Amino acid sequence: MVRIASWIAFGGVLSAVSARPAREVDDAVKRQYSAPPAVVDRAQAVIDTFRLSWAGYSTYAFPNDELHPVTNTFGNSRNGWGASAADALTTALVMGQRDIVNQIISHIPKIDWSVTSSEVSLFETTIRYLGGMLSGYDFLSGPLADLADDPANVDALLTQSVNLANNLSYAFQTPSGVPYNILDFSNRSFVVEPNGLATVGTLILEWTRLSDLTGDYSYASLVERAERYLLAPSPPSSEPFPGLVGMNIEPTTGQFLDARGGWIGGADSFYEYLIKMYVYDPNRYAFLRDRWILAANSTIEYLGTHPMTRPDLTFLATYNGTAIQLQSEHLACFDGGNFILGGQVLNSDDYLNFGLALVDGCHATYAATATAIGPEVFGWDARQVPANQVDFFVRNGFYILNSGYQLRPEVIESYYYAYRATGDKKYQDWAWDAFVAINATTRVGSGYSSIRNVNVAGGGRFTNMMESFWFAEVLKYSYLIQVDDDAPWQVSRTGDNQWVWNTEAHPVRVW
Ligand SMILES: *[C@@H]1O[C@H](CO)[C@@H](O)[C@H](O)[C@H]1NC(C)=O
Ligand SMILES: *[C@@H]1O[C@H](CO)[C@@H](O)[C@H](O)[C@H]1NC(C)=O
Ligand SMILES: *[C@@H]1O[C@H](CO)[C@@H](O)[C@H](O)[C@H]1NC(C)=O
Ligand SMILES: *[C@@H]1O[C@H](CO)[C@@H](O)[C@H](O)[C@H]1NC(C)=O
Ligand SMILES: *[C@@H]1O[C@H](CO)[C@@H](O)[C@H](O)[C@H]1NC(C)=O
């Protein structure tokens, strides 16, 4: 819009000066062609990228799970029900892309959840499919109702959510009520193995929303029963710091099997949802807020560290028992955003400022590399610096342990929360820098692909995978941080949220 408006203005100036002497015309023309700083319409650029990605997926992969953009083929890593479609719905909605919205919601009623050729992850299915459909339902039965061509497809978002949950719910039929995560629908069995903190603790928002929308509280009670084991961990040694717990849980007993963890993959969104459930309903979930406060205080006290070579940066360590490990990962970079949200909602500058410091740290991991994209795993233990990264460690405060980038959103996600809370345009610029870098390095064939090495120009090698969360998360955060409006689904500037975002960036209406 901005770009079009400025071209129209040029046209007006040109015709107005055409009767003047040549010299003046020259000056006027020079001013026009040299002066205006290129006003890039950032939000429109993100929409363009969303549409380009969707066109690749739609042409070569829909309604399968994801596009393999290098070879123009598809994969079904999420049971073949159309994961990218489910994940793209709410981004198409907030971007107002009516054609894509209707293509997706016409597909949803056709999905048969009982049919899949691969094992089903209760967690991944919940956050992507159930989260995407429930959020889509909240939008299309609410503020974005105008975008649906056929109201029957809106109702189907809820009935298909119920069908999906009914297909999944046998996972909770264990002696403790802690579910198994990996399910085999062909004979309705589970893979008998320990479940994880994140995979158990990241169900409560979606399953509770389903109960609240349908009035059937069986879904909420399943996940709440499981959650109780995470809040009162047994044995006591599995909670090495108040509120910070282990990562593996035995579903037959509900017992924790270890005492290691942090805000890393496998644990992460358990902590994320504690405060988000309080946002969802402060009356029902004050007890989860209290657990978040416990975990957040311990995190600040025991896990916040400053690398020796860059004491200006703050990174979150992990733990095994009370032993601290100076390592983190891209996935953990949602932590800044979650502390900022907690700070806003609980009116605490301590949490807010700690969150902003974590955002700075994650930004530093992007600023350091050849592609300006941060690595998958990094460390800052001065005793363990790889010999070939000593200079890099001295300059940047960390070294790279896994150099891949899988189109992950967490760093931009935290920029988004930081921008909403502070209004500091620096975060919009950081998000734009990240978007430009990701576009420059991962764009290939019919879409965007994960890459092998963020620290060589060009990204090393494409791994031929466009993850569904590229649609759900990276593009949604990259867009909404630039839009800068007060649409009700935007994270509130003041902590008074009308919507709360699941861990896959699908916003649901608060209760
Ligand atoms: C599974 O979902 C399908 C719809 O896709 C539904 O017809 C079926 O009843 C569900 N199965 C169970 C066990 O609820
Ligand atoms: C269910 O089927 C899978 C193969 O698809 C098999 O490995 C597993 O043992 C079966 N489980 C039960 C409980 O029959
Ligand atoms: C958490 O830390 C705050 C100070 O930031 C303190 O006021 C509060 O009492 C602590 N709460 C718990 C449960 O430790
Ligand atoms: C964590 O500590 C336990 C007990 O000290 C040890 O047995 C285990 O190998 C450690 N795990 C990791 C991943 O370091
Ligand atoms: C994204 O990449 C394409 C192809 O390399 C390029 O033409 C386009 O200008 C880039 N967009 C942005 C916003 O950097």
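Quantities reported herein were computed from a predicted structural model and do not represent experimental measurements.

*Asks:* How would you sum up the packing of aromatic side chains? Please name residues and give values.
*Replies:* The tally for this structure, following the rule as stated, stands at 43 aromatic pairs. A network of ring pairs unites the aromatic residues W263, F270, Y271, W292, F334, F339, Y351 and F354 as a single cluster. The positively charged end of R443 is found above the aromatic ring belonging to Y448, 5.6 Å away from the centroid.

*Asks:* Any chance you could break down the sheet that holds strand 7 (residues 248-250) for me, citing the residues and the numbers?
*Replies:* Strand order in this open sheet of three strands is 6-7-8, and the pairing throughout is antiparallel. Edge positions in the sheet fall to strand 6 (195-196) and strand 8 (255-256), since each has one partner strand and no second. Across two bridges, the pairing between strand 7 and strand 8 is antiparallel. When the sheet's bridge partners are listed, E250 is paired in strand 8 with Q255.

*Asks:* Before we move on, can you summarise the site of ligand 3 with the specific residues and values?
*Replies:* Neighbouring residues of ligand 3: I293, L294, N297, D350 and Y351. Take N297: an N or O atom from its side chain is 2.3 Å from an oxygen atom of ligand 3. Out of a free accessible area of 370 Å², ligand 3 has 38% covered by protein chains. Contributions of two or more residues to the shell around ligand 3 are made by helix 12 (286-303) and helix 14 (349-367). At three residues, helix 12 tops the list of elements feeding residues into the shell around ligand 3. Along the lines of polarity and charge, the residues of the shell around ligand 3 split into three nonpolar, one polar and one charged.

*Asks:* Report on helix 5 (residues 98-107), specifying residues and quantitative values.
*Replies:* The periodicity of an α-helix, 3.6 residues per turn, causes residues three or four places apart in sequence to face the same way. For helix 5, the complete set of buried residues consists of I100, V101, N102, I104, I105 and H107. Buried residues along helix 5 sit against helix 3 (42-60), helix 4 (83-94), helix 6 (122-140) and helix 7 (151-168).

*Asks:* Requested: an account of the pattern of salt bridges, with residues and values cited.
*Replies:* Under the defined criterion, the tally for this structure stands at 20 salt bridges. As a salt-bridge pair, K276 and E272 come within 2.7 Å of each other at their nearest N and O atoms. Linking K276 with E272, this pair stays in helix 11 (residues 268-280), spanning four residues, or about one helical turn. Across the pair, E272 and K276 agree in class, each one buried. R408 is the salt-bridge partner of E376, the closest N and O atoms lying 2.9 Å from each other. Placement of E376 in the loop between helix 14 and strand 15 (377-379) and of R408 in the loop between strand 16 (399-402) and helix 16 (410-422) is noted, with a sequence separation of 32 residues between them. For the pair E376 and R408, a shared accessibility class is recorded, and that class is buried. One salt-bridge network, in which partners are shared between bridges, spans R420, K425, D484, D486 and R493.

Reading the values: rules and limits
Residues numbered from 1 in each chain as written. Chains lettered and ligands numbered in written order. Predicted model: local features only at pLDDT ≥ 70, side-chain atom pairs only at ≥ 80, totals over all residues. Heavy atoms only, no water. Phe/Tyr/Trp six-rings, centres within 6.5 Å; stacked < 30°, edge-to-face > 60°. Lys NZ or Arg CZ within 6 Å of the ring centre and 35° of its normal. Pairing = 2+ DSSP bridges. Helix = DSSP H or I, 4+ residues; strand = E, 2+ residues; numbered from the N terminus. Near = heavy atom within 4 Å. Polar contact = N/O pair within 3.5 Å; in protein donor to acceptor, adjacent residues only side chain to side chain. Areas by Shrake-Rupley, 256 points an atom, 1.4 Å probe, with all protein chains shown as cover. Nonpolar A, V, L, I, M, F, W, Y, C, P; charged D, E, K, R; others polar. Buried < 20%, exposed > 50% of the residue type's maximum accessible area, 1.4 Å probe, protein only. Contact = heavy atoms within 4.5 Å. Salt bridge = Lys/Arg side-chain N within 4 Å of Asp/Glu carboxyl O.

Scope: geometric values only; no functional claims are made or implied.
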